[in-house]
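Each chain, letter by letter, is given below.
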Amino acid sequence: MRRAEFVTAIILGLLSAYLMWKSGEGPEWDTEYVHWSNIGVNIDGSGPGKGFWPFYLALGMLVSCIWIIVNTIRRTSPPSQSDEPFMDAYAKKMLLFVGGGLIGFLLLVEWFSMYFGIAIFMFYYMMFLGRHPLFLSIVTSLVVPFWLYLFFDIVMTKIQPKGMRWLEDAFYNPTGEFFRSQSLITIALCFVISGALLALSARAARE
Amino acid sequence: MEILAALTDGILIAMQPHNLGLAVIGVIVGLFVGALPGLGSVNGVAILLPFTFVINEATSDPASPMIFLAAIYYGAMYGGAISSITLGIPGASTAVATTFDGRPMALQGNADRALVTAAIASFIGGTVATVFFSGFAPFLSSVALDFGNPEIFALMLLAFATFIGLGGDDIPKTMFSIFFGLLLATVGFDTISGEPRLIFFNDREQTAVLEAVGMTGAAENVPYFDSIGWFSRGIQFLVLAIGVYGIGEMIWTINASRYKLTMTETKISFSRIMKAIVGMKDAWKGTTIGSFLGFFVGILPAAGATPGSLMSYGVAKMTSRNPKSYGQGNPDGVAAPEAANNSASTGAMLPMMTLGIPGSPTTAVLLAGMVIWGLEPGPRMFEDRPEFVWPLIGSFYISNIVAVLVNLAFIPLFLWVLRMPFTILAPVIFVLSVIGTYAAYDNMYDVWLMVFFGIGAYLLRILDYPLAPAVLAVVLGTTAEQKLRQSLLLSDGDFAIFYSPFFDRDGKGQEWWIAPITTWVAVILILLPIILWAMKKIRAKA
């Protein structure tokens, strides 16, 4: 843990130094710009420059990192006194499966739309990480995205990513047209019926 | 006496069946919209604004459309606490502080108590604010006008000072967290000069990377190598908040619990809810602080409910006999921000109605609604349009009562969510985090950034970095910088404008006391934990 704290503080300290440098940067299109010329408190009588506030914040970050490093060396912070590893075997495995699953989920959203992504991610999580029965996993991973689709896309018109063009044309456009032509009562009924299906499958799984 | 008579008339009009019905519908809609991450009061009010035309046609009452919109606003303020407590995801910035103690309470199986505390504290906060509103609106709006840029920056400084206390014992890590959060808020286009700032991975850097891997050519031809869509959009508050609480905290909980977690009792009974209501006596202090401080911060232009709730949490913790219990599931830690955000949301309507200055995005939409209905918010509105103003104020009282009753009635439904096995709840929270972030900003860049922040937050949490101060700093960062720079522009770069009452701002020799007093209180609050920390270290050594 001590080594991890030390290394993290060094990385964050370097990031702070980079941010200080970055704060002094001018716009890309201004070739005559002199680095650091925007961090003053009153530039040509027009108040602080755009780099003033971020520069001093980054400086504050750097000072804090140095303070953290000193504490780590002197073993005064709790992590620097701990003999436990930064991450045990379970934590590493969990981060790989959960974090990896999340990144996979976002890639699915990019390619196959938000709702198909949700369906696949829910199924992966429930079936392989949660070890739920197959039937419950399938029903949940269909009902949850269906609910979200009805709520976000249809009722609130908060349109979510639809993935590749062919998927949007072949699936989402006709489905959207269908549901948007329905009344709010029909939509509410869809919520209730799919919810009942989910509740029944959950009960079946428990039994 | 005149005010009391007008208010009574207003309440009676607000209690007419059609207005009461609209208040109930508005509160229920607002409650559910507010409970969902990514959707807040502003979405609810904006999306349902067109419905007010139908309402106006049906009722022919000028106050009815606004009563409906105000009820949505109230409902959403109550609803924000629900996702913070049950799912651990702050649905809106106003509910961030509720997560700090609401989530631990849910994890300890006390979600019902947390929800009841949030509902009742919200009710008290909202009612206290409405009483102030009805009694002192013109006077308070003139006080709010005395708060210029230096005063508001000093107030922000005071808020940051209270954050230091939120971080626990590790002062340098807390300070890092605050600076980091403030810095994240600066990414994007500078609001004053309009120039890009801290655009990481800009065209120049992208070209360098492409050349290094042997891919020459324009960066925009490569997927994701387009700086306009990336950091130039800035780093939004919800991206960090949902990342930290929706993803980071969830991964942390999974690791700590190994999926063997029951978040609440399986049976919710009336007696448990009643017990929770009786238990409100433990949260009276937070409720009081939140109700008064929230209202005061809420009436300031450009402040609003978020700083009000954060400051109230900080002050409640700072003045507590047992500050260490905050963050561990202290009911006061739920009551303070919840009372404050409701109180502040009523307070934010004051400058909107009396000066025509909206204090928050939601009040801006409400202002638009008022203009649509032919009203001209301003100092004369109380005299010119009493038939509109007093029923609206009356509806604040009624909406508050309706909201607390609806909220308490729906608690079993909210708790049902927590009875789900953790292996179903966890992916649902991840999914809501992703869809909520997308719904808020309509961009996958923000979703990727949210997941990145979440995983980073988990790793930093292992090393005891407090993340709450960073989230809070992102919320206030933009306003703080704007006010600081505008003040320094006014003073020609002289910092005395903040700490000296004798600094001559306008060449008239006037003394300005609010900013210096606030600044000095903030400085003392910042230095106090550092001094106490140093004394503790010295004593431990001795």
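Residues numbered from 1 in each chain as written. Chains lettered and ligands numbered in written order. Predicted model: local features only at pLDDT ≥ 70, side-chain atom pairs only at ≥ 80, totals over all residues.

## Quick notes on the overall build of chain B
Here is step 1 of the chain: Within chain B, the regular secondary structure consists of 23 helices and 2 strands.
Here is step 2 of the chain: A globule of 542 residues ought to have a C-alpha radius of gyration of about 24 Å, and chain B, at 24 Å, matches this closely.
Here is step 3 of the chain: By principal-axis analysis of the C-alpha atoms, chain B measures approximately 75 × 70 × 65 Å.
Here is step 4 of the chain: Within chain B, the fraction of its 542 residues that count as buried is 58%.
Here is step 5 of the chain: Across chain B, contacts joining residues at least 24 apart in sequence account for 79% of those joining residues at least 6 apart. (Helix = DSSP H or I, 4+ residues; strand = E, 2+ residues; numbered from the N terminus. Rg over C-alpha atoms; globule rule 2.2 N^0.38 Å. Buried ≥ 20, exposed ≤ 12 C-beta atoms within 10 Å, placed from the backbone. Contact = placed C-beta atoms within 7 Å.)

## As for the overall build of chain A
Here is step 1 of the chain: Within chain A one finds 8 helices and 0 strands.
Here is step 2 of the chain: Counting from the amino terminus, helix and strand elements in chain A follow one another as α-α-α-α-α-α-α-α.
Here is step 3 of the chain: A globule of 207 residues ought to have a C-alpha radius of gyration of about 17 Å, yet chain A, at 26 Å, is considerably larger.
Here is step 4 of the chain: By its C-alpha atoms, chain A is 65 × 50 × 30 Å across when sized along the principal axes.

## Structural notes on the interface of chain B and chain A
Here is step 1 of the chain: Counting from both sides, the interface comprises 50 residues of chain B and, opposite them, 59 residues of chain A.
Here is step 2 of the chain: Those elements giving two or more residues to the side of chain B that touches chain A turn out to be helix 9 (171–184), strand 2 (196–197), helix 10 (203–212), helix 11 (237–257), helix 19 (422–441), helix 20 (444–462) and helix 21 (468–490) of chain B.
Here is step 3 of the chain: Of all the elements, helix 19 of chain B adds the most residues to the side of chain B that touches chain A, at 10 residues.
Here is step 4 of the chain: Of the residues contributing to the side of chain B that touches chain A, the split by class is 33 nonpolar, 6 polar and 11 charged. (Nonpolar A, V, L, I, M, F, W, Y, C, P; charged D, E, K, R; others polar.)

## Let's talk about the domain arrangement of chain A
Here is step 1 of the chain: Each domain of chain A was delimited in the assignment, giving domain 1 (2–81) and domain 2 (89–206).
Here is step 2 of the chain: Computed over C-alpha atoms, the centres of domain 1 of chain A and domain 2 of chain A are 42 Å apart. (Domains from an automatic or database assignment.)

## As for helix 15 (residues 331–354) of chain B
It helps to recall that an α-helix has 3.6 residues per turn; residues three or four apart then point in one direction.
Residues and elements named next belong to chain B.
Here is step 1 of the chain: With 24 residues, helix 15 extends 35 Å between its outermost C-alpha atoms, agreeing within 8% with the 34 Å of an ideal straight helix rising 1.5 Å per residue.
Here is step 2 of the chain: A large share of helix 15 lies buried, amounting to 24 of its 24 residues.
Here is step 3 of the chain: Taken from the residues just after helix 15, Gly 356 is the one with a positive phi, measuring 75 degrees. (Expected span 1.5 Å × (residues − 1).)

## What to know about the environment of Gly 24 of chain A
All names here are of chain A.
Here is step 1 of the chain: If you trace the backbone, Gly 24 turns up in the loop between helix 1 (2–23) and helix 2 (52–73).
Here is step 2 of the chain: Gly 24 sits in the partly exposed class, given 18 other C-beta atoms within 10 Å.
Here is step 3 of the chain: Between the C-alpha atom of Gly 24 and that of Phe 55, which follows or precedes it by 31 residues, the distance is 7.2 Å.
Here is step 4 of the chain: Once residues within four sequence positions are removed from consideration, Gly 24 is found in contact with His 35, Trp 36, Asn 38, Ile 39, Gly 51 and Phe 55.

## Points about the packing of helix 19 of chain B against helix 20 of chain B
All names here are of chain B.
Here is step 1 of the chain: Two elements in contact, helix 19 and helix 20, have axes separated by 8 Å at closest approach and are oriented at 140 degrees. Judged on the interaxial angle alone, helix 20 and helix 19 are oblique. Here helix 19 runs over helix 20; the crossing is right-handed. Only Met 444, Asp 446, Val 447 and Met 450 of helix 20 make contact with helix 19, whose side of the interface consists of Ser 433, Val 434, Thr 437, Tyr 438 and Tyr 441. (Axes fitted to C-alpha atoms, helices over the stretch in contact; angles between N-to-C directions. Parallel < 35°, antiparallel > 145°, perpendicular 65-115°, else oblique. Left-handed = near helix turned anticlockwise from the far one by under 90°.)

## Some thoughts on the nonpolar core
Here is step 1 of the chain: Ranked by size, the top nonpolar core spans 209 residues in total, and within it Ile 67, Leu 115, Leu 240, Val 471 and Val 474 of chain B carry the most contacts.
Here is step 2 of the chain: When residues of this core are assigned to domains, at least three fall in each of domain 1 (2–81) and domain 2 (89–206) of chain A.
Here is step 3 of the chain: Those residues in contact with Val 474 of chain B, other than ones at most four positions away along the chain, are Gly 181, Leu 184, Ala 185, Ile 235, Phe 237 and Leu 240 of chain B. (Core = buried A, V, L, I, M, F, W, Y, C linked by C-beta atoms within 7 Å.)

## A short note on helix 21 of chain B
Residue and element names in this part refer to chain B.
Here is step 1 of the chain: Taking 1.5 Å as the rise per residue, helix 21 with 23 residues should run 33 Å; its terminal C-alpha atoms sit 33 Å apart, in good agreement.
Here is step 2 of the chain: The sharpest bend along helix 21 comes to roughly 50 degrees, located at Leu 476.
Here is step 3 of the chain: Summarising burial for helix 21: 18 of the 23 residues are buried, a large majority.
Here is step 4 of the chain: Positive backbone phi, approximately 55 degrees, marks Asp 492, located one or two places after helix 21. (Bend = angle between axes of the 7 residues up to and from the residue.)

## Focus: the packing of helix 2 of chain A against helix 9 of chain B
A pair of packed helices can be characterised by two numbers: the angle between their axes and the separation between those axes.
Here is step 1 of the chain: For the pair helix 2 of chain A and helix 9 of chain B, interaxial distance at closest approach is 8 Å and the crossing angle is 155 degrees. By the angle between their axes, helix 2 of chain A is roughly antiparallel relative to helix 9 of chain B. With respect to the hand of their crossing, helix 2 of chain A and helix 9 of chain B are arranged in left-handed fashion. Of the residues in helix 9 of chain B, those in contact with Pro 54, Leu 57, Ala 58, Gly 60, Met 61, Ser 64, Cys 65, Trp 67, Ile 68 and Asn 71 of chain A of helix 2 of chain A are Pro 172, Lys 173, Met 175, Phe 176, Phe 179, Phe 180, Leu 182 and Leu 183 of chain B.
Here is step 2 of the chain: When the residues that make up the contact of helix 2 of chain A with helix 9 of chain B are grouped by side-chain class, the tally is 14 nonpolar, 3 polar and 1 charged.

## A few points about the environment of Gly 117 of chain A
Residues and elements named next belong to chain A.
Here is step 1 of the chain: Residue position: Gly 117 is located in helix 5 (residues 114–129).
Here is step 2 of the chain: The exposure class of Gly 117 is buried, given the 25 C-beta atoms found within 10 Å.
Here is step 3 of the chain: Not counting residues up to four positions away in its chain, the partners in contact with Gly 117 are Phe 105, Leu 108, Val 109 and Phe 112.

## Brief notes about the environment of Ser 64 of chain A
Here is step 1 of the chain: As for its position among the elements, Ser 64 of chain A is in helix 2.
Here is step 2 of the chain: For Ser 64 of chain A, a count of 24 C-beta atoms within 10 Å corresponds to the buried category.
Here is step 3 of the chain: Each C-alpha atom of the pair Ser 64 of chain A and His 35 of chain A lies 25 Å from the other, and the pair is 29 residues apart in sequence.
Here is step 4 of the chain: If we ignore the near neighbours within four places in the chain, the residues touching Ser 64 of chain A are Pro 172, Met 175, Phe 176 and Phe 179 of chain B.

## What about the confidence of the model for chain B?
Here is step 1 of the chain: Of all residues in chain B, 90% attain a pLDDT of 70 or more, and the chain-wide mean is 81.
Here is step 2 of the chain: Overall fold confidence (pTM) sits at 0.79, and the ipTM for the predicted complex is 0.93. (pLDDT = per-residue confidence, 0-100.)

## Thoughts on unusual backbone geometry
All names here are of chain B.
Here is step 1 of the chain: In the Ramachandran plot, Asp 442 falls in the positive-phi region, its phi being about 55 degrees despite a non-glycine side chain.
Here is step 2 of the chain: Tracing the backbone shows Asp 442 in the loop between helix 19 and helix 20.
Here is step 3 of the chain: Even without being a glycine, Asp 492 presents a positive backbone phi close to 55 degrees.
Here is step 4 of the chain: When you line up the elements, Asp 492 lands in the loop between helix 21 and helix 22 (496–499).

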